[in-house]
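# Reading the structure
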Amino acid sequence: MPKDHGIGASSKRREDVRFLTGRGRYTDDINLPGQAHACFVRSQVAHGRLNGVNTADAAAMPGVIRIFTAADFEGVGGLPCGWQVTDRHGAPMQEPGHPVLATGKVRHVGDPIALVVAETYDQARDAAEAVVVDIEELEPVLDMKAALADGAPKVHDDLTSNLCYDWGFVEENREAVNKAFEAAHHVTTLDLVNQRLIPNAMEPRVAIGDYNFATDDSTLYTTSQNPHVIRLLMGAFVLGIPEHKLRVVAPDVGGGFGSKIFHYAEEAAVTFAARQLRRPVKWTCTRSESFITDAQGRDHVTKIELALDAEGHFQALRTETYANMGAYLSTFAPSIPTWLHGTLMAGNYKTPLIYVNVKAVFTNTVPVDAYRGAGRPEATFQLERVIDKAAREIGMDPVELRRKNFITQFPYATPVAVEYDTGDYNATMDKLLEIADVAGFEARLAESKARGKLRGLGVNCYIEACGIAPSHLVGQLGARAGLYESATVRVNATGGLVVMTGSHSHGQGHETTFAQVVADMIGLPENMVEIVHGDTANTPMGMGTYGSRSLAVGGSAMVKATNKIIAKARKIAAHLMEASPDDIELKDGRFTVAGTDKSVAWGDVTLAAYVPHNYPLEDLEPGLEETAFYDPNNFTYPAGAYACEVEVDPETGRVTVERFAAADDFGNVVNPMIVDGQVHGGIAQGIGQALLESAAYDEYGQLLTGSYMDYAMPRADDVPFYTVDHSCQTPCTHNPLGVKGCGEAGAIGSPPAVVNAVVDALQRAGHTGVTHIDMPLTPSRVWAAMQG
Amino acid sequence: MTKVTMTVNGKAVSGEVEGRTLLSQFLRDGLGLTGTHVGCDTSQCGACVVHVNGQDVKSCTTLALECEGAEVRTIEGMANPDGSLSVIQQAFQDHHGLQCGFCTPGMVMTASALLAQNPTPSEAEIRHYLEGNICRCTGYHNIVKAIMAASGQDVSHLGSDAIAAE
């Protein structure tokens, strides 16, 4: 019988009523009295020397209040990078400056040059078009390998080359791995591209700067996944505003997928302009603008090699990846192809020797940073593709080859520096084969054939590292931040609770699930718990939401704070009932003295805490409010197995996803309905990557896929109903809820399933030379592959 | 500036607009009806869908002046007269057909227009009709399911549903 409330129940989302009735409050819905409007003048070329900006005509246009150029930002800091990677020779990465407005050079189409502020948005936009920019065009560098050639134009003149870093992991294993390859019975090699994607949260970014000159308080309203991080980065590194004089508010946010983690130039620019003008300044990104300014994702070019013995045991794995950083280092960019990618290369398998080499490269393109999965989809894709290829080469069933190499003993220390606490990869594979009805595949294949269609089945596994992250560990790895989370639980006199969390919800439903957890712990109805997030003024310092960390890290902080509340409430109850706190039991929101019929209600205790007439004032402070910070001991390791069935039209190469199944182990689950939804969304993004999406630049560095007319977002008729299951649960051993995180799994596990399925379909149809097709698997690519 | 008059969610409204003012701008900035969202500038994403004289249209590519005298309905006017969620809205909540909520107003308005034309659409018909509405969160599974449920179809085979809490 499914639970009807608390942990494990599919409680309906309390967020939904406001979203379904048009009463959400997104950043663009906010309009402040006296507000001015901003429009940015942006580079229309990918690379050029910026010789001058003439604002005279524009400044005289109707409604224009002021036009800011880089000269106005002298004394303002650049946008900081939050992670320093050390290269394989022990040297720090090359770290270029990142000014708020371009100075000296423009480095990608969309690089901001000037900020026009006017009374209305239309006036600002009209004036922006009248700003004259003198740019001497330079040859752009776009291809990563060409960017590293001798004599290539440099994106940053003050760096020695376009190489950000050359990272080796684990460097000490390099020779041992090479030797294992020399001795291997069989080596499978695969060259592949994990193409650049554009995150495309449906809400474009918005930033509103506000300034009260009488109190010297600044406020930024922004579409962010982590308002405290923005406050710290912008306040301390860019504008020099102390945190107590700067408030950052991220209200309802319309999706993030990583792209709203980062501190963007526009946030600093409008906050700065508001201080200068002493009035609010609002900027709303157009979708066209977001295509050339939101940090993009993936963009890896990889060669992967897998060494196997005669029985199919994996002996060693070696990869060489070129990772595109774009024109500047976005906030967490250096960590994505390294620590969030190299550490996942063991996958679900006991490969004893692994070496990962990553060369990060600057190019004249939009910066690249975390996008749903962030490094882990790139690791999973290459690993699960090379295993499929190896299975074909050695004539073994791909599922059997995987099972043969599964890690089965836990905890398991991988050769790439992480220790998996729990998992059961055979269980998720068994569950997958059942829910995907793999046994029925042959019949469906025959039915497709009868209609003249090819059919293929792709199966793969994935593992990810979530619950980011133990601060002491990431500090050693170059993070310039801690990655704990926080919660304050405030109990009111009449018994209701307000939980203020450092996590941020932008679609994940925290207001519902977090309330389920706290209500369950005390035994109260969920509607007695309110969740507050997204405003630095009323939440404790927190690191925000990304990397599937909210419940594992933020939820753990909330559990810690709630346990403190319960401990204190138990003492108050003991006093009220003249018993020992050790004898007090809490059940269904009622305190009882064990073995007696004496009890007090939750509300009696909370009232006593705030009206302490009968209260142990000598031992306890009045009030009932506790804060906790939680810093995890380890990452969490969700894992699972995915299966995709496709049909391919042999005439056109068009691929349709006919069936998709996902068996995930997320550990314990608080709200199964929400977890299903997270997986669904991830799968669609993965199918989008596999079949549809690609950020394409032309030879001049112009983004060809700069709107929804050219960038193929998955639509309702591109995807099927999915079959998802998370009944295989090996709870996390090191957080109090035993949860692992579910936000990214779908996007990590699904691309290889789709590509494996298409290759399978082509192989079954006799196209035995087709061992790989690069994503997206458009009809033309698949058709070309079938022509040999 | 020109005066425009229309009925929005049953109420007569008027305002001064420029020739270039879009219906979405008039609703959001002129009337403060911020439930209608703008997610793109090429008329592709569908977050801005409203009903004009009963027809689902993209308000980001409709001029406010074109709606002179029209009956306009937005997401703010979709609930039942007593304020409770309408059948479609309730189905979206029951079947978790929304996550971040940004595309949701357009999805609800589009779904409502579909059901007015086709009271029991098939899965394929729903997916085809939603072609002009992009959602990045849900993978469409629960949106399609919610619309099927709102039309009275059995969706119990399509995965977990909300259990009424409290």
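What you are looking at is a predicted structure, and each value in this text was computed from that prediction instead of being measured. (Residues numbered from 1 in each chain as written. Chains lettered and ligands numbered in written order. Predicted model: local features only at pLDDT ≥ 70, side-chain atom pairs only at ≥ 80, totals over all residues.)

### Focus: the overall build of chain B
- The helix and strand tally for chain B stands at 5 helices and 5 strands.
- When its helices and strands are written in sequence order, chain B yields β-β-α-β-β-β-α-α-α-α.
- Taking 166 residues into account, the globule formula puts the C-alpha radius of gyration at 15 Å, and chain B, at 16 Å, falls close to it.
- In terms of overall dimensions, chain B has a C-alpha envelope of 55 × 35 × 30 Å along the principal axes.
- Considering only contacts within chain B whose residues lie at least 6 apart along the sequence, 59% involve residues at least 24 apart. (Helix = DSSP H or I, 4+ residues; strand = E, 2+ residues; numbered from the N terminus. Rg over C-alpha atoms; globule rule 2.2 N^0.38 Å. Contact = placed C-beta atoms within 7 Å.)

### Side note on the overall build of chain A
- Secondary structure assignment for chain A yields 19 helices and 28 strands.
- Along the longest, intermediate and shortest principal axes, the C-alpha atoms of chain A span 85 × 75 × 55 Å.
- Going through the 788 residues of chain A one by one, you find that 60% of them count as buried.
- Long-range contacts, defined as pairs at least 24 residues apart, comprise 80% of the intrachain contacts of chain A with a sequence gap of at least 6. (Buried ≥ 20, exposed ≤ 12 C-beta atoms within 10 Å, placed from the backbone.)

### Topic: the sheet that holds strand β6 (residues 132-137) of chain A
Residues and elements named next belong to chain A.
- Taken in spatial order, the 3 strands line up as β4-β2-β6 in an open sheet, and their pairing is antiparallel. Two strands in the sheet have a free side with no partner beyond their single neighbour: β4 (105-106) and β6.
- Sheet analysis places strand β2 (residues 48-54) next to β4, joined by 2 bridges and oriented antiparallel. Note that in β4 the partner of R49 across the bridge is K105. (Pairing = 2+ DSSP bridges.)

### A closer look at the UniProt feature "domain: Aldehyde oxidase/xanthine dehydrogenase a/b hammerhead" (unreviewed entry) in chain A
- With numbering aligned to this structure, UniProt lists the feature "domain: Aldehyde oxidase/xanthine dehydrogenase a/b hammerhead" (unreviewed entry) at residues 21-139 of chain A.
- Taken end to end, residues 21-139 of chain A is 12% helix and 29% strand, and its two terminal C-alpha atoms sit 51 Å from one another. (UniProt positions renumbered as here; feature names shortened; annotations may be inferred.)

### Some words on the interface of chain A and chain B
- With 57 residues of chain A in contact, the opposing surface of chain B contributes 52 residues.
- When contributions to the side of chain A that touches chain B are tallied by element, the ones reaching two or more residues are α1 (16-20), α8 (287-291), α17 (672-692) and β28 (722-725) of chain A.
- At 9 residues, the largest contribution of residues to the side of chain A that touches chain B is made by α17 of chain A.
- Tallied by class, residues from the side of chain A that touches chain B come to 25 nonpolar, 18 polar and 14 charged. (Nonpolar A, V, L, I, M, F, W, Y, C, P; charged D, E, K, R; others polar.)

### Some remarks on the domain arrangement of chain A
Residue and element names in this part refer to chain A.
- According to the domain assignment, chain A contains domain 1 (31-138 + 202-255 + 260-291), domain 2 (373-469 + 635-786) and domain 3 (484-630).
- A separation of 38 Å is found between the C-alpha centroids of domain 1 and domain 2.
- Contacts between domain 1 and domain 2 engage 7 residues on the former and 8 residues on the latter.
- Among the residues forming the side of domain 1 that touches domain 2, the class breakdown is 3 nonpolar, 3 polar and 1 charged. (Domains from an automatic or database assignment.)

### Points about helix α18 (residues 745-764) of chain A
Residue and element names in this part refer to chain A.
- Under the 1.5 Å per step criterion, the end-to-end length of α18 is 29 Å for 20 residues, consistent within 8% with the ideal 28 Å.
- Most of α18 sits out of view: 18 of its 20 residues are buried.
- G766 lies just past α18 and shows a positive phi near 95°. (Expected span 1.5 Å × (residues − 1).)

### Details of the pairing of strand β3 (residues 49-52) of chain B
All names here are of chain B.
- Bridge count for β3 against strand β4 (residues 55-58) is 4 bridges, and the pairing is antiparallel. Within β4, the residue paired with V49 across the bridge is K58.
- Between β3 and β4, which follow one another and run antiparallel, lie 2 residues, and N53 among them has a positive phi close to 50°.
- Here 2 bridges tie β3 to strand β5 (residues 71-73), and the two strands are oriented antiparallel to one another. Each bridged residue has a counterpart across the sheet, and for H51 the counterpart in β5 is R73.

### Digging into the confidence of the model for chain B
- Per-residue pLDDT for chain B has a mean of 95; in total, 96% of the residues score no lower than 70.
- Across the whole predicted complex the pTM is 0.97, and at the interface the ipTM reaches 0.97. (pLDDT = per-residue confidence, 0-100.)

### Some words on the sheet that holds strand β1 (residues 36-42) of chain A
All names here are of chain A.
- Spatially, the 7 strands line up as an open sheet ordered β3-β5-β1-β12-β9-β10-β11, and their pairing is mixed. On the outer flanks of this sheet lie β3 (64-69) and β11 (246-249), each paired with one strand and no other. In this sheet, adjacent strand axes meet at a mean angle of 20° when their direction is disregarded.
- Sheet analysis places strand β10 (residues 217-222) next to β11, joined by 4 bridges and oriented parallel. Across the sheet, the residue bridging to L220 is V248, located in β11.
- The sheet strands contacting helix α6 (residues 227-239) are β10 and β11, and the helix crosses β11 at an angle near 145°.
- Against the sheet, helix α7 (residues 265-277) touches β1, β3, β5 (112-118), β9 (206-212), β10 and β12 (281-284), its axis set at about 30° to β9. (Axes fitted to C-alpha atoms, helices over the stretch in contact; angles between N-to-C directions.)

### Concerning the environment of T343 of chain A
Residues and elements named next belong to chain A.
- Within the secondary structure layout, T343 lies in the loop between β14 (314-326) and β15 (353-362).
- C-alpha separation for the pair T343 and H89, spaced 254 residues apart in sequence, amounts to 19 Å.
- Leave out the neighbours within four places in its chain, and T343 touches V416, A417, V418 and A465.

### Observations regarding the pairing of strand β1 (residues 2-8) of chain B
All names here are of chain B.
- Examined bridge by bridge, β1 and strand β2 (residues 11-17) share 7 bridges and lie antiparallel to one another. For V8, the partnering residue across the bridge sits in β2 and is K11.
- From the end of β1 to the start of β2, which pair antiparallel, there are 2 residues, and N9 there has a positive phi angle of about 50°.
- In this structure, β1 lies alongside β5, joined through 2 bridges in parallel fashion. Note on β5: the bridge partner recorded for T7 is E71.

### Looking at the environment of G749 of chain A
Residue and element names in this part refer to chain A.
- By the element assignment, G749 lies in helix α18.
- Sequence spacing of G749 and D664 is 85 residues, and the spatial spacing of their C-alpha atoms is 9.6 Å.
- Contact partners of G749, with chain neighbours within four places excluded, come to T380, N460, Y462, G640, Y642, A662 and G686.

### Overview of the environment of I683 of chain A
- Secondary-structure assignment places I683 of chain A in helix α17.
- Between the C-alpha atoms of I683 of chain A and E744 of chain A, which are 61 residues apart in sequence, the distance is 9.1 Å.
- Those residues in contact with I683 of chain A that sit more than four places away from it in its chain are F660, A662, Y722, G746 and S750 of chain A together with G139 of chain B.

### Let's talk about the nonpolar core
Residues and elements named next belong to chain A.
- Residues V116, V518, V754 and V758 are the most contacted members of the largest nonpolar core, which totals 306 residues.
- At 12 residues, the largest contribution of residues to this core is made by helix α15 (residues 550-576).
- Excluding anything up to four places from it in sequence, V116 contacts A38, C39, V41, A58, V64, I67, A124, A127, A128 and V131. (Core = buried A, V, L, I, M, F, W, Y, C linked by C-beta atoms within 7 Å.)

### Details of the packing of α17 of chain A against α18 of chain A
Residue and element names in this part refer to chain A.
- Viewed as axis vectors pointing N to C, α17 and α18 meet at an angle of 40°, and their least axial separation amounts to 7 Å. Taken together, the axes of α17 and α18 are oblique relative to one another. The two elements α17 and α18 cross, and the hand of that crossing is right-handed. Contacts from Q678, V679, H680, G681, G682, I683, Q685, G686, I687, Q689, A690 and L691 of α17 reach α18 at A745, G746, A747, G749, S750, P751, V754 and V755. (Parallel < 35°, antiparallel > 145°, perpendicular 65-115°, else oblique. Left-handed = near helix turned anticlockwise from the far one by under 90°.)

### A word on the packing of α6 of chain A against α7 of chain A
All names here are of chain A.
- Interaxial distance between α6 and α7 falls to 11 Å at its minimum, and their mutual angle equals 65°. Relative to α7, the element α6 is oriented roughly perpendicular. In this structure, α6 crosses over α7, and the sense of that crossing is right-handed. Residues I230, M234, V238 and L239 of α6 pack against E267, A268, T271 and F272 of α7.
- Looking at the contact of α6 with α7, its residues break down into 6 nonpolar, 1 polar and 1 charged.

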